[in-house]
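# Close look at the chain arrangement
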Amino acid sequence: MSVKRKVLEAKTDQELEYYLQQGNKFVPQASQFTYEILKSRGRIFTPEDTERITLMIEKKSEEDKIIIHENHKKATNLIYISATLGIVNMILFPDLPFSFFSIFVAIIILGFMFGIGYMISKGSNGAKYILLVCMIFGIIYIPFILLTITRTPVVGIINIVQTVLQVWAIVLLYQIPKYKLE
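The present account deals with the structure reproduced in this document.

About the cut-offs
Residues numbered from 1 in each chain as written. Predicted model: local features only at pLDDT ≥ 70, side-chain atom pairs only at ≥ 80, totals over all residues. Heavy atoms only, no water. Axes fitted to C-alpha atoms, helices over the stretch in contact; angles between N-to-C directions. Helix = DSSP H or I, 4+ residues; strand = E, 2+ residues; numbered from the N terminus. Parallel < 35°, antiparallel > 145°, perpendicular 65-115°, else oblique. Contact = heavy atoms within 4.5 Å. Nonpolar A, V, L, I, M, F, W, Y, C, P; charged D, E, K, R; others polar. Buried < 20%, exposed > 50% of the residue type's maximum accessible area, 1.4 Å probe, protein only. Phe/Tyr/Trp six-rings, centres within 6.5 Å; stacked < 30°, edge-to-face > 60°. Lys NZ or Arg CZ within 6 Å of the ring centre and 35° of its normal. 1 Å grid on protein atoms, 1.4 Å probe; cavity = no way out; pocket = protein on both sides within 12 Å on 5 of 7 lines; lining within 4 Å. Points joined across faces, edges and corners; volume = space filled by probe spheres on them. Patch = residues over 30% accessible without salt bridge, like charges linked within 9 Å, V, L, I, M, F, W, Y side chains within 5 Å. Areas by Shrake-Rupley, 256 points an atom, 1.4 Å probe, with all protein chains shown as cover. Salt bridge = Lys/Arg side-chain N within 4 Å of Asp/Glu carboxyl O.

## A look at the packing of helix 5 (residues 70-92) against helix 6 (residues 100-121)
- Orientation of helix 5 relative to helix 6, taken along the N-to-C sense of each, is 170 degrees, at an axis distance of 8 Å. On the basis of the axis angle, helix 5 is roughly antiparallel to helix 6. Each of H72, A75, T76, I79, Y80, S82, A83, T84, G86, I87 and M90 in helix 5 lies in contact with helix 6, whose residues at this interface are A106, L110, M113, F114, G117, Y118, I120 and S121.
- In terms of residue class, the contact of helix 5 with helix 6 is made up of twelve nonpolar, seven polar and no charged.

So, in structure tokens, the structure goes:
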């Protein structure tokens, strides 16, 4: 989240004091700008105040960092490969009626998969739950995969590979340790 320095400069010194209080809910950049603005207005900070404010800004900056585990990157690649295979499946599947509605639904599903991949790449913890719920609902799809293997083996095999990739991504995401910032 970005903070506009000009907005802070328009505030009174008394209003700016809230940005420098311990435990405030403002982003670190706002506290940093406030400190600089008050100094430029002639406010003299004691060395203890300066150290307290600096430590507060550093602590808040550490809390704001999103930790992206290596498994996030691996799972993202697996989801992107799965979504790309979905595009190949759309092209190869002979029974797919090429109507506006079917193409629209396919694009929505692919967009959803690429969106999940993007969320995972940003370290989102909620993406693994969404993916797991989708996989649970996908169990209903297993008979269709088996039927597809008998009718169009290439498409059926791609469906199985997609399922394996997605399960693998879920396993990787659930192996990520929970980080605790102190």
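Now that the structure is up, let's keep going.
## Considering the environment of A169
- For A169, the location among the structural elements is in helix 9 (residues 153-174).
- A residue is classified by how much of its surface remains accessible, and A169, at 0% relative accessible area, is buried.
- Taking C-alpha positions, A169 is 8.5 Å from K128, a pair spaced 41 residues apart along the chain.
- Beyond its immediate sequence surroundings of up to four residues, A169 is in contact with A75, L78, I79 and L131.

## Quick look at the packing of aromatic side chains
- This structure, assessed with the given rule, holds four aromatic pairs.
- With a centroid separation of 5.0 Å and an interplanar angle of 40 degrees, the aromatic rings of Y141 and F144 are classed as tilted.
- The exposure class of Y141 is partly exposed, given its relative accessible area of 36%.
- By relative accessible area, which is 33% here, F144 ends up partly exposed.
- The ring of Y174 has K128 sitting right over it, with the charged end atom 4.7 Å from the ring centre.

## Notes on the layout of surface pockets
- By volume, the largest pocket is sized at about 1,000 Å³.
- For the largest pocket, the lining is made up of 30 residues, of which N89, I109, Y141, N159 and Q162 are closest to its centre.
- The set of elements that each furnish at least two residues to the lining of the largest pocket consists of helix 5, helix 6, helix 7 (126-138), helix 8 (142-151) and helix 9.
- The greatest single-element share of the lining of the largest pocket, amounting to seven residues, is contributed by helix 6.

## A look at a nonpolar patch on the surface
- Judged by side-chain polarity, Y129, L132, I136, I139, I142, L146 and Y174 come together as a nonpolar surface patch covering roughly 650 Å² of accessible area.
- Residue assignment for the nonpolar patch shows that the elements contributing at least two residues are helix 7 and helix 8.
- A total of three residues in the nonpolar patch trace back to one element, the largest contributor, which is helix 7.
- Classification of I136 as exposed rests on a relative accessible area of 52%.

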